[in-house]
Amino acid sequence: NQAITGVSNLGPGKNVFGWTVVNGSCVTSDEVQIVRFLPPSPADAGIDQSICSSSSTLNAGSYSTGTGRWSLISGSGTFSNPDNRMCPVSGLSYGANVFRWTVSSGACPENTDEITIFRQTEPGPALVSADTNICSTSTSISAIPPASGTGIWSLISGSGVIATSLNPSTLVYNLSSGQNVFRWTVVNGDCPAVSDEITITRFLPPTVAQAGNDL
């Protein structure tokens, strides 16, 4: 009978109440609707990613209550459909790109979770000096220091000992006669490696020349 009163045990969805005023045979009434929203499901943005391309797919966990939506927090990225929990995203910048998955349900507090997609820089360049011909068992090989990633020398064919395999410029010795091929490989995280090769051809010293006795 109170104009202002509390109500409890509201069901999810619409709950309609009628307020009636009676004075003798005169009656007036009006209705009020209270919509009760269920709390949104927990937000699960998925696991962080480390990739080597400018695009990927966001993969949030499934949910039963509310609606979900992706948003960009930092970095860069373009959504194909931000309302799709499994949403392709393109235009990622190098480094960290942070995205937020929000599950909302009407007037209830939102649930959020974030994921970081780290785009690695492609390794390289992998450029070595020109092939050379020598007559000794040792020489130096060199490569351009990579702008991104870590380089390492390896022996591909022939023989030879690499003095400092992680140094772009290094001595190689105990070279066999003929062709000795060395490879400079640059790697960076999960990105495909890049490489270049150099061939050191060792010639044996010529036989001592003997012209014979003077006549």
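Cut-offs and rules
- All residue numbers here refer to positions counted from 1 along the written sequence of the relevant chain.
- With the structure being a predicted model, the display of local features is reserved for residues of pLDDT at least 70 and the display and counting of side-chain atom pairs for 80 or more, all residues being used for whole-chain, interface and lining totals.
- As a convention, hydrogens and water are excluded, and side-chain values are obtained from all of the structure's heavy atoms.
- Whenever a pair of cysteine sulfur atoms sits within 2.5 Å, that pair is classed as a disulfide.
- Helix and strand assignments come from DSSP, with helices taken as H or I runs of at least 4 residues and strands as E runs of at least 2, each series counted from the N terminus.
- Burial classes: relative accessible area under 20% of the type maximum marks a residue as buried, over 50% as exposed, and values in between as partly exposed (1.4 Å probe, protein chains only).
- Put simply, two rings from Phe, Tyr or Trp (the six-membered ring, in Trp's case) pair if the centres are within 6.5 Å, and we call them stacked under 30 degrees between planes, edge-to-face over 60, tilted for the rest.
- Sitting over a ring, as applied to charges here, requires NZ of Lys or CZ of Arg to be within 6 Å of the ring centre and within 35 degrees of the ring normal.
- Any two strands with at least two DSSP bridges between them are considered paired.
- In this analysis, axes come from line fits to C-alpha atoms, helices being fitted only over the stretch in contact, and the angle between any two N-to-C directions falls in the range 0 to 180 degrees.
- Contacts are assigned to residue pairs with any non-hydrogen atoms lying within 4.5 Å of each other.
- In what follows, salt bridge is the name for a side-chain nitrogen of Lys or Arg lying within 4 Å of a carboxyl oxygen of Asp or Glu.

Caption draft 1: Representation of the state of the cysteines within the structure. For the structure on display, the rule yields 1 disulfide. For Cys-52, the disulfide goes to Cys-191, at an S-S distance of 1.8 Å. Here the disulfide of Cys-52 and Cys-191 is right-handed, its torsion about the S-S bond being about 105 degrees. Placement of the pair is Cys-52 in the loop between strand E3 (49-51) and strand E4 (56-59) and Cys-191 in the loop between strand E15 (178-187) and strand E16 (194-202), with a sequence separation of 139 residues. The burial state of Cys-52 is the same as that of Cys-191; both residues are buried.

Caption draft 2: How the structure looks around the packing of aromatic side chains. In total, this model carries 4 aromatic pairs according to the counting rule given. Where Trp-70 meets Trp-101, the ring centres are 5.0 Å apart and the plane angle is 45 degrees; that geometry is what we call tilted. Taken together, the residues Trp-70 in strand E5 (residues 67-74) and Trp-101 in strand E8 (residues 95-104) connect sequence positions 31 residues apart. Comparing Trp-70 with Trp-101 shows no difference in burial state: the two are buried. Taking the centre distance of 5.2 Å and the plane angle of 45 degrees together, the rings of Trp-153 and Trp-184 count as tilted. One end of the pair, Trp-153, is in strand E12 (residues 150-157); the other, Trp-184, is in strand E15, and 31 residues separate them in sequence. Trp-184 shares its class with Trp-153; the two are buried. Through a chain of ring-to-ring contacts, the aromatic side chains of Tyr-63, Trp-70 and Trp-101 assemble into a single cluster. The ring of Tyr-94 has Arg-119 lying over it, and the distance from NZ or CZ to the ring centre is 4.0 Å.

Caption draft 3: Quick peek at the sheet that holds E3. Reading across the sheet, the 4 strands line up as E3-E9-E8-E5 and stay open at both edges, with mixed pairing between neighbours. At either margin of the open sheet sits one strand with a lone partner, and together these are E3 and E5. Strand-to-strand twist in this sheet, taken as the mean axis angle between neighbours without regard to direction, amounts to 25 degrees. With 3 bridges joining them, E3 and strand E9 (residues 111-119) adopt parallel strand pairing. Within E9, the position partnered with Gln-49 by the bridge is Ile-117.

Caption draft 4: Highlighting the side chain of Thr-139. Turning to its location among the elements, Thr-139 is positioned in strand E11 (residues 139-142). Among residues more than four places away in sequence, those in contact with Thr-139 are Ile-134, Thr-170, Leu-171, Val-172, Leu-175 and Ile-200.

Caption draft 5: Examining the pattern of salt bridges more closely. Under the counting rule described, the total for this entry stands at 4 salt bridges. With a shortest N-O distance of 2.5 Å, Glu-197 and Arg-183 are connected by a salt bridge. One end of the pair, Glu-197, is in strand E16; the other, Arg-183, is in strand E15, and 14 residues separate them in sequence. Judged by relative accessible area, which is 28%, Arg-183 ranks as partly exposed.

Caption draft 6: Quick peek at unusual backbone geometry. Here Gly-124 and Pro-125 are connected by a cis peptide whose omega angle stands at 0 degrees. Position of Pro-125 among the secondary structure elements: in the loop between E9 and strand E10 (132-134). Even without glycine at this site, Asn-9 takes up a positive phi of about 60 degrees. Checked against the element boundaries, Asn-9 lands in the segment before strand E1 (13-23). Of note in this structure, Asn-174 is not a glycine but carries a positive phi near 60 degrees. Tracing the chain through its elements places Asn-174 in the loop between strand E14 (169-173) and E15.

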